[in-house]
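Residue-level listing of the chains:
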Amino acid sequence: MEEELSRSLDGFREQLAYPAPNAVFGVFCDGVLAGTAAVAWQSKFASSRHKVLLWGTFVSPRFRRRGFARRLVVRAIEHARAQGARRINLMMYLPNDAAAQLYRSLGFSTYGVEPEAVCLDGVYFDAALMSLRLD
């Protein structure tokens, strides 16, 4: 969390300005950004353009349990499918039962676990690697 807070506004602008078909989706509640989800094509090479990364899926705690995360992820999936993607991959830090349940309900399956994927405040967390085939 501290890392994100220390990033410059220009760093966020650069990350969010990746060219199409990359996209960031948001849901607003009373003019406040309540949640986000994004998809990114990580390679320019034709051999791996069939894969996209779902990232940045987050709903502010005060707006949770309203179905926003589901709507955002579904919108990201629809966008990826419309752009010809065959597969969406994601990394989900553990434990996160609510997110795991959401992703599984949308058809994602776990294909691996990365040990100690992130270190927050001196505590290491594993990450589940999940994937969804779109066709």
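Located above this text is the structure these notes cover.
My aim in this report is to walk through the structure given alongside it, one point at a time. (Residues numbered from 1 in each chain as written. Predicted model: local features only at pLDDT ≥ 70, side-chain atom pairs only at ≥ 80, totals over all residues. Heavy atoms only, no water.)

### Observations concerning the overall build of the protein
Consideration 1: Looking only at helices and strands, the protein features 4 helices and 6 strands.
Consideration 2: Residue burial in the protein is summarised as follows: out of 135 residues, 35% are buried.
Consideration 3: Of the contacts formed within the protein by residues at least 6 apart in sequence, a portion of 55% connects residues at least 24 apart.
Consideration 4: As presented, the protein carries roughly 8900 Å² of accessible surface, and 53% of it is formed by carbon and sulfur atoms. (Helix = DSSP H or I, 4+ residues; strand = E, 2+ residues; numbered from the N terminus. Buried < 20%, exposed > 50% of the residue type's maximum accessible area, 1.4 Å probe, protein only. Contact = heavy atoms within 4.5 Å. Areas by Shrake-Rupley, 256 points an atom, 1.4 Å probe, with all protein chains shown as cover.)

### Looking at the side chain of His79
Consideration 1: With respect to the helices and strands, the residue His79 is situated in helix α3 (residues 68-82).
Consideration 2: Here His79 is in contact with Pro21, Ala23, Phe25, Val39 and Trp41, once residues within four sequence places are set aside.

### Digging into the sheet that holds strand β6 (residues 123-133)
Consideration 1: Here 6 strands make up an open sheet; going across it, the order is β1-β2-β3-β4-β6-β5 and the pairing mixed. The sheet is open, and its two edges are formed by β1 (23-29) and β5 (109-120), each paired on a single side. The sheet shows a mean angle of 25° between the axes of neighbouring strands, taken without regard to direction.
Consideration 2: Sheet topology places strand β2 (residues 32-40) next to strand β3 (residues 51-59); 5 bridges connect them, and they run antiparallel. Following the sheet pairing, Ala38 is matched in β3 by Trp55.
Consideration 3: Helix α4 (residues 97-105) rests against β3, β4 (87-93) and β6 of the sheet, and its axis sits at about 165° to β4. (Pairing = 2+ DSSP bridges. Axes fitted to C-alpha atoms, helices over the stretch in contact; angles between N-to-C directions.)

### Points about the nonpolar core
Looking at soluble globular proteins, one finds that nonpolar side chains tend to be buried together.
Consideration 1: In terms of nonpolar packing, the biggest core is built from 32 residues, with Leu54, Val73, Ile77, Ile88, Met92, Tyr103 and Phe108 touching the most fellow members.
Consideration 2: Secondary-structure elements contributing two or more residues to this core are β1, β2, β3, α3, β4, α4 and β6.
Consideration 3: Residue contributions to this core peak at 6 residues, all from α3.
Consideration 4: In contact with Leu54, not counting residues within four places along its chain, are Ala37, Ala38, Val39, Val73, Ala76, Ile88, Asn89, Leu90, Tyr103 and Phe108. (Core = buried A, V, L, I, M, F, W, Y, C linked by side-chain atoms within 4.5 Å.)

### What to know about α4
Consideration 1: Inspection of α4 places Ala99, Ala100, Leu102 and Tyr103 among the buried residues, and these make up the whole buried set. Buried positions in α4, seen along its axis, are confined to an arc of 160° and lie on one side of it. Of the exposed residues in α4, the ones pointing more than 90 degrees away from its buried face are Asp97, Ala98, Gln101 and Arg104.
Consideration 2: Structurally, α4 contributes buried residues whose contacts are with β3, α3, β4 and β6.
Consideration 3: Gly107, located one to two residues past α4, shows a positive phi value of around 100°. (Arc of directions from axis to C-beta.)

### Focus: the packing of aromatic side chains
Consideration 1: Scanning the model with the defined rule gives 1 aromatic pair in all.
Consideration 2: Geometrically, the ring pair formed by Tyr103 and Phe108 is edge-to-face, given 5.5 Å between the ring centres and 65° between the ring planes. Assigned by exposure class, Tyr103 and Phe108 land together as buried. (Phe/Tyr/Trp six-rings, centres within 6.5 Å; stacked < 30°, edge-to-face > 60°.)

### Side note on unusual backbone geometry
Leave glycine aside and you will find that most residues have negative phi; peptide bonds, for their part, are mostly trans.
Consideration 1: Look at the link from Leu94 to Pro95: it is a cis peptide, with omega at -5°.
Consideration 2: Positive phi, normally seen in glycine, also occurs at Asp30, with a value near 55°.
Consideration 3: A positive phi angle, close to 55°, is found at Asp121, a residue other than glycine.
Consideration 4: Assignment of secondary structure puts Asp121 in the loop between β5 and β6.
Consideration 5: Using a relative accessible area of 76% as the deciding quantity, one classes Asp121 as exposed.

Any link to function would need more than the numbers given here.
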